Amino acid sequence: MFRLSRESERIAGVLLLSIVAVESGGYYLTRVARGAVELTEFQWAFSRAGHAHAGVLVTLSLVALILADAVALRGVLGYLTRLAIPAAAILMPAGFFLSSTGAGATEPNGLVALLWLGAACLTVGVVALGLALLRGNRSRADG
């Protein structure tokens with residue numbers, strides 16, 4: 001029987017609760033689509049991208065927790081792998097949303113740096129997990 005580690009259980013719980021925020025972003029986009037919120041084409045594109053990245057990266061984060069536990073990642077590498085992808089799920093959408101704020105904005109402001117910081121977190125997380133999976137890093141006897 002496969003069981004999540006305590007760390008993964010806690011992170012998964014937070015990630016599942018974060019879906020409520022993703023849902024509220026979806027509601028916001030329905031208001032934009034109905035014309036209740038006025039956005040520039042640039043803001044509309046960044047809002048859609050932010051919402052899409054949030055949903056996909058939260059889902060990827062949940063899958064990564066299972067994979068990290070499947071190869072029994074522990075210690076610093078285990079925490080790095082389990083937290084880097086969820087960090088990207090926060091930072092990348094925040095970069096899209098926050099860099100496009102302001103009435104009539106047509107290009108990103110300095111907060112677009114959050115997008116690139118999130119991309120770096122995503123890269124670190126998926127590379128670490130991918131290498132661990134390829135290596136078959138198992139610290140427990142699986143039989």
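Above this note sits the structure.
Conventions we followed
- Residues numbered from 1 in each chain as written.
- Predicted model: local features only at pLDDT ≥ 70, side-chain atom pairs only at ≥ 80, totals over all residues.
- Heavy atoms only, no water.
- Helix = DSSP H or I, 4+ residues; strand = E, 2+ residues; numbered from the N terminus.
- Buried < 20%, exposed > 50% of the residue type's maximum accessible area, 1.4 Å probe, protein only.
- Areas by Shrake-Rupley, 256 points an atom, 1.4 Å probe, with all protein chains shown as cover.
- Lys, Arg positive; Asp, Glu negative; His and termini not counted.
- Charge placed at Lys NZ, Arg CZ, Asp CG, Glu CD.
- Core = buried A, V, L, I, M, F, W, Y, C linked by side-chain atoms within 4.5 Å.
- Axes fitted to C-alpha atoms, helices over the stretch in contact; angles between N-to-C directions.
- Parallel < 35°, antiparallel > 145°, perpendicular 65-115°, else oblique.
- Nonpolar A, V, L, I, M, F, W, Y, C, P; charged D, E, K, R; others polar.

Participant: Give me the overall build of the chain: which residues, what numbers.
Facilitator: Across its full length, the chain carries four helices and zero strands. When the backbone C-alpha atoms are referred to their principal axes, the chain occupies close to 60 × 25 × 20 Å. Looking at the chain residue by residue over its 143 residues, the buried ones come to 37%. On the chain, roughly 8200 Å² of surface is accessible, and the fraction owed to carbon and sulfur atoms is 68%. Between the averaged position of the 11 positive side-chain charges in the chain and that of its 8 negative side-chain charges there is a distance of 10 Å.

Participant: Quick one: what's the story with the nonpolar core, residue by residue and with numbers?
Facilitator: Core analysis: the biggest nonpolar cluster contains 25 residues, and L57, L73, A88, M92 and L122 have the highest contact counts within it. The leading source of residues in this core is helix 2 (residues 41-70), at eight residues.

Participant: Outline the packing of helix 2 against helix 3 (residues 75-98), supporting the account with residue identities and numerical values.
Facilitator: As a packed pair, helix 2 and helix 3 sit with axes 8 Å apart at the nearest point and diverge in direction by 175°. By the angle between their directions, the pair helix 2 and helix 3 is classed as roughly antiparallel. Looking at the contact of helix 2 with helix 3 residue by residue, the class counts come to 17 nonpolar, six polar and two charged.

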